[in-house]
Every structure is written in structure tokens, then in C-alpha cells.
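# Close look at the chain arrangement
Each chain is listed here by its residues.
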Amino acid sequence: MRQVSMLVLCAFLGAWSAEGQTVGSKSFTESVILGEIAAQQLDEQGFETLHRAQLGGSRVLWEALLRGDIDAYPEYSGTLRLELLAEQAPADAAAVDSILASLGLWRTASLGFNNTYALGMQEARAEALGIASITDLTQHADLSFGFGNEFMEREDGWPGLRARYGLPQTAVRGLDHDLAYRGLVAGDIDVMDLYSTDAEIAYYGLRVLTDDRAYFPDYDAFILARLDLPDEAKTALRQLEGRIPEAAMVRLNAQVKLEREAEASVAAQWLNATFGTARTAEAPGLAQRLVQTTAEHLVLVGWSLLAAILLAVPLGVWAAKRPKVGAVILGVVGVLYTIPSLALLVFMIPLLGVGGPPAMVALFLYSLLPIVRNTHAGLIAVPRALVDAATALGLPPAVRLRRIELPMASQSILAGVQTAAVINIGTATLGALIGAGGYGQPILTGIRLDDTALILEGAVPAAGLALVAQVLFAGLGRLFVPKGLRLPQNE
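In this text, all values refer to a predicted model and were calculated from it rather than measured experimentally.

Quick look at helix α5 (residues 93-102) now. Inspection of α5 places Val-96, Ile-99 and Leu-100 among the buried residues, and these make up the whole buried set. Seen from one end, α5 has its buried residues packed into an arc of 100 degrees, which puts them on one side. Turned more than 90 degrees from where α5 packs its buried face, Ala-94 and Ser-102 sit exposed. Residues of α5 that are buried make contact with α3 (58-67), α4 (77-84), β4 (105-107) and β10 (221-226). Its side-chain oxygen at 3.3 Å from the backbone nitrogen of Ala-94, Asp-92 defines the N-terminal cap of α5. One or two residues past the end of α5 sits Gly-104, with phi positive at roughly 80 degrees.

Here is the structure:
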């Protein structure tokens, strides 16, 4: 079993350090398609290539590229100039390229289309209110807005848009971009931000409001990459320049979002039609996907939990034996537990990059509190008379702890480990937001594609694994908790 665990760990972590070229993509469909096209294009030219899909937002991909965790990813000119390089404030494209070169980066020319931001409404609602442009929204303060979470905070997003147009709306909420379409169609929101190449615009017959004050810049798509890429890889990526007109990108998005084709298959079809290749991209079956996500999830949970046990139990013992120090220990692990999981994952990226390692460290930190607290509680609950009797018999402190106190506290300690395991199983699904895989991957993909079956593909096994953990720790209680100390329900 130990050898199997090590093989799974090495395979999992090896994906993050393997030689070859690594392409990333953001957590929306178009970026995943473009990332897949770039990855397959490199693979077609003989490079061993990995596509880390759905890694998060612009900042996550940017930091990963600077660190070298990925070698390339699809980006947009407006995002690069106004968001990622906002502090440098480049005046033109030449200045942008100069800054990129100083950072060890470069970019291809435009892939052939401009995917700019826009605001959209249902046609009937816009017609009834006489709204055709963004300026018209200033006369309807009661409208509710629903914008993508990233758009809510971007330099080129809602804050600047509101200032440019003097928009008076206060009912503005942030939500997932794909979920916003459902909210708009259901009538829960009146206005949302659009990507101009979204297939849903035509599918739902939405009205795109005229940007009559020219707030949104061009967002020409390109591949942003590291300068240390091999020249042959750069040449392969440059072959994509100008090859994807806007109508073609809308069609590719529709194939995935509306026709439910896999991104890898859509990318292969496009490469075959464009370059005359003969690529095939068969999507893995359900069983194969479950094996992979289960292995990834077990690695995330298992190794983070093991590391937490090795540290948390001694910390709990120390806290019980040294009350003043114990107050500090319990306070620190308590504060760590209150940090929002998404924030903690993002905090880890500058230190550990993206993928499995930062997710495991975050899970490790979350596991400390229940184990430390239960170890501490179990030890201080040991009857003082028993400890005094053992001392009177001349037992050294270490022997007393090992033979009497820890066995009597074992029920509480095991309960803490069980709690940590169940929490980790659920929290580990968020690791997919930074490319750690596991059961969160199909959940995220299902949300993005509005595919309930994919959501259940991750949610049901995660719930099942939590139940297995409960049963497993009940069995461990029979092995490690002395019979006389077991609770009645464990009999």
C-alpha cells in the first residue's frame, strides 16, 4: 500500500514538474478552447505538452506564467494593458511588448478576433424600456446588474464603467459568468456583462447595448508565453496568428457550450480543418475520469491529513501540558481555520505556484484545528487522580503520556482526525480552482457548461468518500482505542 501511495503521489506531482511545454487556460470556455488549440498545436510539432485547463482568472495565470509553472496561455490585449500591466501604464503596443520582454515574456500577434466586453439584456425587456445603449441605463436606476466576479473588480470593469457613464444602479452583484446567463434568462437580473464572442448571445437572442462612450477597449486574443520557449515552439504558436476570425470563434464556443462537444475534440477538428492535420481527441470515459479524479483527490486529502496528524498531535500534547503556550497554539490554529478557503489558496500561489502543492498545504493548515483541539481536550479530560497515581508509582512523564494519557485521550484524538478528514474531502474540491484536480474538476466544468451530470460526477463521489472516511475511522477506533475506553456506539 505504501508503494502504491508513493506511485500515485509521484504521478500526481510529476504532472507539475514534468519536462515539456505546459499551456494554461482561464476558467471560461473560450480560454479552455484556445488553450487546447495551443497545446495540440505544440503537440503536433513534436513537443510533449500538458494543458492545465481552468486555472482561474487573469491574475492566477499571469503569476503562474511569471513563475514558470506554465509556459503559455491565451490572453487579451485589453486585459494585459489595463489590468495586468496597469501599474506600468503602457502607452501603446510597442510599450507593452517592451515591458513583456523585460519580464521574460512575449506574445503572438492577434489570433484573428476581438472578444471585447459588452453589456446585454433580454431583447423584450430592453425593447419595453427603450434601452439601446449603455447611456440609456442611466434613466433606469431600479435595474439589477449581475457581473462576473472578475469584472466587478477589474480596472477595465465595473468601477470604471460606472464612473464613465455615471450609472446610478446599486443592485449590482458578482457571480459566475456562466451562471449570469441563467439569471438573465430567468429574470433574476436585468443586465449582465457579455464577452462579444459568447455563443449564448445569439442563442438567447440578447440585445447587446451600444458602448456609445467607447469605454471598452479592444480585446484582441493572442498567446502570451515565456521567452525561454524553444524557437520551434514559438514558431508553432505563431502559426495560429490571424487564423481564427470572430465568427469562427463564436462557432467554436457554440460547439462546446451549446452542442456539448469536448474542448479537446473541438480543438482537434479546428486544427484538422485549418492545417490539414489528422488529429483525433477521444474524451476519456466516465470510469477513466473517476479513476483519475479519485486518485488526485486521495492524494490531496491523504498527504495533507497525514502531515497534519504528525504536527497537530504533538502540538495538542504541548498545549495540554503548557497551558500558557496552549492558549497561543489554539489561537493560532483557530485563526488559520477562519481564513476563507479561496483566499488561502490564492495566498499560496506566489509561494508554491499552482496545482497540487499549494492545495495540499492549504488543506494541511485547515486540518490542524480539529486535531489540535481534540488532542488538547482529550488530554485535559484525563482524571487527575490517575495521573497522580502514575506519578506516585514512579512512571516518567514520557511513559505516563504514552501508556496512560494518550490511550485515554485516543477516542477524542481520533474524532478530531475524523473531523479533519471529512472537512478536507469537501474543501479539496476547491483545489480545482488552481489546477489541483480531484473531484472539483468535473464540478467546475459542469457549472461552466451547465451540465448537471458533470456536477454530480464530482459531487456524488466526494460525498461517498466522506462516508467511507466515517466508516474507516470507526474501524480504526476498534483497532487503536482500548476496548474499555470505546464509546457505546463503537461496540
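Read on, since the account is not over.
Throughout the structure, instances matching the rule amount to 16 aromatic pairs. With a centroid separation of 5.0 Å and an interplanar angle of 65 degrees, the aromatic rings of Phe-147 and Phe-151 are classed as edge-to-face. Here Phe-147 matches Phe-151 in class, with each residue buried. For Phe-147, a relative accessible area of 0% corresponds to the buried category. Each residue in the set Phe-28, Tyr-76, Tyr-117, Phe-145, Phe-147, Phe-151, Trp-158, Tyr-195, Tyr-215, Phe-216 and Tyr-219 is aromatic and connected to the rest through ring pairs, giving one cluster. Over the ring of Phe-222 we find Arg-107, and its NZ or CZ is 5.1 Å from the ring centre.

Time to look at the pattern of salt bridges. The full count for this structure, using the stated rule, is 17 salt bridges. In this structure, the salt-bridge partner of Lys-26 is Glu-75, at a minimum N-O distance of 2.7 Å. In this pair, Lys-26 sits in the loop between β1 (21-24) and α2 (29-44) while Glu-75 sits in strand β3 (residues 72-76), placing the two residues 49 residues apart along the sequence. Each member of the pair, Lys-26 as well as Glu-75, carries the same accessibility label: buried. The residue Arg-289 makes a salt bridge to Glu-457 at a minimum N-O spacing of 2.8 Å. Note that Arg-289 is positioned in helix α14 (residues 286-321) and Glu-457 in helix α21 (residues 452-480), a separation of 168 residues in sequence.

A separate point is the environment of Lys-321. As for its placement among the helices and strands, Lys-321 is situated in helix α14. C-alpha separation for the pair Lys-321 and Ile-380, spaced 59 residues apart in sequence, amounts to 8.5 Å.

Glancing now at the packing of helix α9 (residues 177-186) against helix α20 (residues 440-449). Orientation of α9 relative to α20, taken along the N-to-C sense of each, is 40 degrees, at an axis distance of 7 Å. On the basis of the axis angle, α9 is oblique to α20. The two elements α9 and α20 meet at a crossing, and its hand is left-handed. Along the contact surface, α9 presents Asp-178, Leu-179 and Arg-182, while α20 presents Gly-446, Ile-447 and Arg-448.

Backbone hydrogen bonds are what pair the strands of a sheet, in a parallel or an antiparallel way. A sheet is described by the order of its strands in space; here five strands give the open sequence β7-β6-β8-β5-β9, paired in mixed fashion. Here the strands that pair on one side only, and so sit at the sheet edges, are β7 (172-175) and β9 (206-208). Averaged over all neighbouring strand pairs, the angle between strand axes comes to 35 degrees, with direction disregarded. In terms of strand pairing, strand β6 (residues 145-148) meets strand β8 (residues 191-195) through two bridges, oriented parallel. Note that in β8 the partner of Phe-145 across the bridge is Val-191. Sitting on the sheet, α9 touches β5 (117-122), β6, β7, β8 and β9, and the angle it makes with β8 is about 135 degrees.

Turning to a nonpolar patch on the surface, a few remarks are in order. Taken together, Val-185, Tyr-203, Tyr-204 and Leu-258 make up a surface patch of nonpolar side chains, about 360 Å² in accessible area. Note that Val-185 resides in helix α9.

Another aspect to go through is the pairing of strand β2 (residues 49-52). Bridging between β1 and β2 involves four bridges; their strand directions are parallel. Bridged to Thr-22 within β2 is Leu-50. Tracing the backbone out of β1, into α2 and back to the parallel element β2 gives a crossover that is right-handed.

Packed helices, taken two at a time, are described by the angle their axes make and the gap between the axes. Look at helix α12 (residues 246-257) against helix α13 (residues 263-275): their axes get within 9 Å of each other, and the N-to-C directions meet at 145 degrees. When the axes of α12 and α13 are compared, the crossing they make is right-handed. Judged by residue contacts, Leu-252, Gln-255 and Val-256 of α12 engage Glu-263, Val-266, Gln-269 and Trp-270 from α13.

We now examine α12. Between its terminal C-alpha atoms α12 stretches 16 Å, which fits the 16 Å expected from twelve residues at 1.5 Å a residue. Three or more residues of α12 are buried, namely Met-249, Leu-252, Asn-253, Ala-254, Gln-255, Val-256 and Lys-257. Here the buried face of α12 lies against α2, α9, α10 (200-203), α13 and α20.

Turning our attention to unusual backbone geometry. Excluding glycine, most residues fall at negative phi; most peptide bonds, likewise, are trans. A positive phi angle, near 55 degrees, is found at Gln-54, a position not held by glycine. Mapped onto the elements, Gln-54 comes out in the loop between β2 and α3. For Gln-54, a relative accessible area of 2% corresponds to the buried category. A positive phi angle, close to 50 degrees, is found at Ala-214, a residue other than glycine. Here Ala-214 lies in the loop between β9 and β10.

A relative accessible area of 4% places Lys-26 in the buried class. With near-sequence residues (within four places) excluded, Lys-26 lies in contact with Ser-31, Val-32, Gln-54, Leu-55, Gly-56, Ser-58, Leu-61, Tyr-73, Pro-74, Glu-75, Tyr-76 and Thr-79.

The next thing to look at is the environment of Gly-440. Within the secondary structure layout, Gly-440 lies in helix α20. Residue classification places Gly-440 among the buried positions, given a relative accessible area of 0%. For Gly-440 and Pro-340, which are 100 residues apart along the polypeptide, the C-alpha to C-alpha distance reads 17 Å.

How each quantity is defined
Residues numbered from 1 in each chain as written. Predicted model: local features only at pLDDT ≥ 70, side-chain atom pairs only at ≥ 80, totals over all residues. Heavy atoms only, no water. Buried < 20%, exposed > 50% of the residue type's maximum accessible area, 1.4 Å probe, protein only. Helix = DSSP H or I, 4+ residues; strand = E, 2+ residues; numbered from the N terminus. Arc of directions from axis to C-beta. Contact = heavy atoms within 4.5 Å. Polar contact = N/O pair within 3.5 Å; in protein donor to acceptor, adjacent residues only side chain to side chain. Phe/Tyr/Trp six-rings, centres within 6.5 Å; stacked < 30°, edge-to-face > 60°. Lys NZ or Arg CZ within 6 Å of the ring centre and 35° of its normal. Salt bridge = Lys/Arg side-chain N within 4 Å of Asp/Glu carboxyl O. Axes fitted to C-alpha atoms, helices over the stretch in contact; angles between N-to-C directions. Parallel < 35°, antiparallel > 145°, perpendicular 65-115°, else oblique. Left-handed = near helix turned anticlockwise from the far one by under 90°. Pairing = 2+ DSSP bridges. Patch = residues over 30% accessible without salt bridge, like charges linked within 9 Å, V, L, I, M, F, W, Y side chains within 5 Å. Areas by Shrake-Rupley, 256 points an atom, 1.4 Å probe, with all protein chains shown as cover. Right-handed = clockwise from strand over helix to strand, strands pointing away. Expected span 1.5 Å × (residues − 1).

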